[in-house]
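# Residue-level structural notes
Residues per chain are reported as follows:
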Amino acid sequence: MASCPRVRVRTALSRSGLPDLDYSLNPYVGCQHGCVYCYAREYTRYREVADRWGSLVYVKENLLSLLESETKRLKPGTVGLSTVTDPYQPVESVLKLTRRSIEILLKRGFKVSIQTKSPLVLRDLDILATNKDSVDVGFTIITLDPRVASLLEPGAPPPAGRAEALRRISERGVRTWLFYGPVIPGFNDDSESFAGVLEAVAGGIDLVLVDKLRITPRVRASLSSTIEDIGRIETAVRSGAWWSGVVEEFEKVCARLGVRCLASLAEPSGAAMKDLERFASGR
Ligand code: SF4
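The residue numbers shown here count from 1 along each chain, following its written sequence. In keeping with the model being predicted, local features are shown solely for residues with a pLDDT of at least 70 and side-chain atom pairs are shown and tallied solely at 80 or more, while totals for entire chains, interfaces and linings include all residues. The side-chain values count all of the structure's non-hydrogen atoms but skip hydrogen atoms and water molecules.

### Some words on the overall build of the chain
Helical segments are the DSSP runs of H or I of at least four residues, strand segments are the runs of E of at least two, and each set is numbered from the N terminus. Scanning the chain for helices and strands turns up twelve helices and eleven strands. The globule rule is 2.2 Å times the number of residues to the power 0.38, and the radius of gyration it is compared with is taken over C-alpha atoms. Relative to the globule expectation of 19 Å for 283 residues, the C-alpha radius of gyration of the chain, 18 Å, shows essentially globular dimensions. Reported as C-alpha extents along the three principal axes, the dimensions of the chain are approximately 50 × 40 × 30 Å. We call two residues in contact whenever any of their non-hydrogen atoms come within 4.5 Å of each other. A separation threshold of at least 6 residues defines the contact pool for the chain, and within that pool the share at least 24 residues apart is 78%. Each accessible area value is a Shrake-Rupley result obtained with a 1.4 Å probe; residue values ignore everything except the protein chains displayed when judging cover. Summing over all exposed atoms, the chain offers an accessible surface of approximately 12300 Å²; the carbon and sulfur share of this is 50%. Positive charge is attributed to Lys and Arg, negative charge to Asp and Glu, and no charge count is given to His or to the chain ends. Positions of charges follow a simple convention, taking NZ of Lys, CZ of Arg, CG of Asp or CD of Glu. Placing the 39 positive and 34 negative side-chain charges of the chain at their respective mean positions leaves the two points 7 Å apart.

Shown next as structure tokens:
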């Protein structure tokens with residue numbers, strides 16, 4: 001059980017450097033899902049949260065009042081919810097900071113792009129379905145194998161539930177996407193695993209994004225405590241040949257299944273970025 005003390009923060013919205021987002025909003029610092037590959041742990045100024053990733057989460061207690069005032073003076077744009085935490089981690093089921101943030105943003109003319117690993121987002125389907133032109137929802141699914149998922153994403157809901165939630169959201173007319181990342185050598189870099197995940201969400205997605213593992217110092221330490229032979233993984237990730245082979249195979253899967261696919265978010269081509277911008281501009 002994670003500890004979730006309160007903190008006060010200075011801002012609610014941050015400018016985003018991502019190509020399809022104007023702002024990011026992270027209601028919590030840290031993430032109870034505790035994925036061993038998560039590099040968000042590198043982006044917090046709270047060292048104790050990075051050291052106890054998954055078991056210590058700070059709740060931004062003044063988030064909603066800040067958001068009310070910031071949305072009155074900032075130019076409306078698309079807000080990524082969230083970029084360094086999961087907006088629907090377990091604590092959200094009680095505190096509803098994400099739900100209330102979405103309500104404020106939509107009321108003020110902002111658009112919302114959600115990324116999560118949790119079917120808890122279904123709780124807010126009433127808001128999402130009535131604002132379908134202003135929202136999109138992405139699920140991260142890197143494997144359908146529950147044993148691999150519980151090894152790599154120990155606090156996150158099982159992947160089958162995510163796929164089901166994604167299909168249900170799509171059926172309500174909300175634009176949805178799949179994030180297949182990180183791709184980890186020996187775990188989910190084969191085209192069968194990738195195709196299996198695409199087929200599980202079949203017909204339910206407008207876009208697939210693929211990203212490779214990024215090994216930062218904290219990620220290396222976290223992976224080393226979970227996976228044997230991290231050296232072999234690191235060597236493969238640094239190899240251009242491994243990644244270009246993965247991208248080539250994944251693009252074939254996307255073509256076969258008729259899915260729009262940005263298969264190399266790590267090193268996107270100009271055409272791929274245009275695809276992403278087209279998707280974003282449809283919000
Ligand atoms: S759900 Fe996302 S933010 Fe949370 S630990 Fe996993 S990768 Fe990190």
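### Describing the packing of aromatic side chains
Any aromatic ring pair is given by two values, namely how distant the centres are and how the planes are angled relative to each other. In summary, the pairing rule links any two rings of Phe, Tyr or Trp, Trp by its six-membered ring, whose centres are within 6.5 Å, and it sorts them by plane angle into stacked for under 30 degrees, edge-to-face for over 60 and tilted for everything else. Within this structure, the stated rule accounts for seven aromatic pairs. Between tyrosine 23 and phenylalanine 110, the aromatic rings sit 5.8 Å apart at their centres with planes inclined by 55°, giving tilted as the arrangement. Separated by 87 residues along the polypeptide, tyrosine 23 in strand E3 (residues 23-25) and phenylalanine 110 in the loop between helix H4 (97-107) and strand E7 (111-116) bring together distant segments of the chain. The residues tyrosine 23 and phenylalanine 110 share a single accessibility class, namely buried. Taking 4.9 Å as the distance between ring centres and 75° as the angle between the ring planes, the aromatic pair formed by tyrosine 180 and phenylalanine 194 counts as edge-to-face. Placement of the pair is tyrosine 180 in strand E9 (residues 175-183) and phenylalanine 194 in helix H8 (residues 191-200), with a sequence separation of 14 residues. Here the term buried applies to any residue with accessible area under 20% of the maximum for its type, exposed to any over 50%, and partly exposed to those in between, with areas from a 1.4 Å probe on protein chains only.

### Quick word on the packing of H8 against helix H11 (residues 240-257)
Angular values range over 0 to 180 degrees, each being the angle between N-to-C directions of two axes fitted as lines to C-alpha atoms, with helices fitted over their stretch in contact. Here H8 crosses H11 at 35°, and the two axes come no closer than 9 Å. The chirality of how H8 crosses H11 is right-handed. Between H8 and H11, the contacting residues are Ser191, Phe194, Ala195, Leu198 and Glu199 on the first element and Glu249, Phe250, Val253, Cys254, Arg256 and Leu257 on the second. Ten residue types, Ala, Val, Leu, Ile, Met, Phe, Trp, Tyr, Cys and Pro, are classed as nonpolar, four, Asp, Glu, Lys and Arg, as charged, and the remainder, Gly among them, as polar. In terms of residue class, the contact of H8 with H11 is made up of seven nonpolar, one polar and three charged. Take the far helix as your reference; a near helix turned counterclockwise from it by less than a right angle gives a left-handed crossing, and one turned clockwise gives a right-handed crossing.

### Quick word on the pairing of strand E10 (residues 207-212)
By the criterion of burial, E10 is predominantly enclosed, with six of the six residues buried. In E10, alternate side chains face the same way, and those of Leu207, Leu209 and Asp211 on one face and Val208, Val210 and Lys212 on the other are all buried. Two strands form a pair only when DSSP identifies at least two bridges running between them. Where E9 and E10 come together, five bridges link them in parallel fashion. Bridge pairing in E10 links leucine 178 to valine 208. Of the crossover connections in this fold, the one passing from E9 over H8 to the parallel E10 is right-handed. Seen with its strands pointing away from the viewer, a crossover is right-handed when the path leading from the first strand over the helix to the second is clockwise.

### Regarding the pattern of salt bridges
When a carboxyl oxygen of Asp or Glu lies within 4 Å of a side-chain nitrogen of Lys or Arg, that pair is called a salt bridge. Tallied over the full model, the rule gives 17 salt bridges. Between glutamate 68 and lysine 107 there is a salt bridge, with the nearest N and O atoms lying 3.3 Å from each other. Highlighted residues: glutamate 68 in helix H2 (residues 63-73) and lysine 107 in helix H4, separated in sequence by 39 residues. By relative accessible area, which is 25% here, glutamate 68 ends up partly exposed. Glutamate 249 serves as the salt-bridge partner of lysine 252, at 3.2 Å between the closest nitrogen and oxygen. Within this pair, lysine 252 and its partner glutamate 249 are both found in helix H11, separated by three residues, close to a single helical turn. When its relative accessible area of 46% is taken as the criterion, lysine 252 is described as partly exposed. One continuous salt-bridge network, built from bridges that share partners, spans Glu92, Arg99, Glu103, Arg123, Asp124 and Asp126.

### So, H2
Residue pairs spaced three or four apart in an α-helix point in one direction, given the helix's 3.6 residues per turn. Within the sequence span of H2, burial applies to Leu63, Leu64, Leu66, Leu67, Glu70 and Thr71. Taken around the axis of H2, the buried residues stretch over an arc of 150°, which confines them to a single face. Along H2, exposed side chains directed more than 90 degrees from the buried face belong to Lys72 and Arg73. Those residues of H2 that are buried are in contact with strand E2 (13-15), E3, strand E5 (58-60) and H4. Each C-beta atom gives one direction from the helix axis, and the arc is the one those directions make.

Read these as spatial facts, not as claims about activity.
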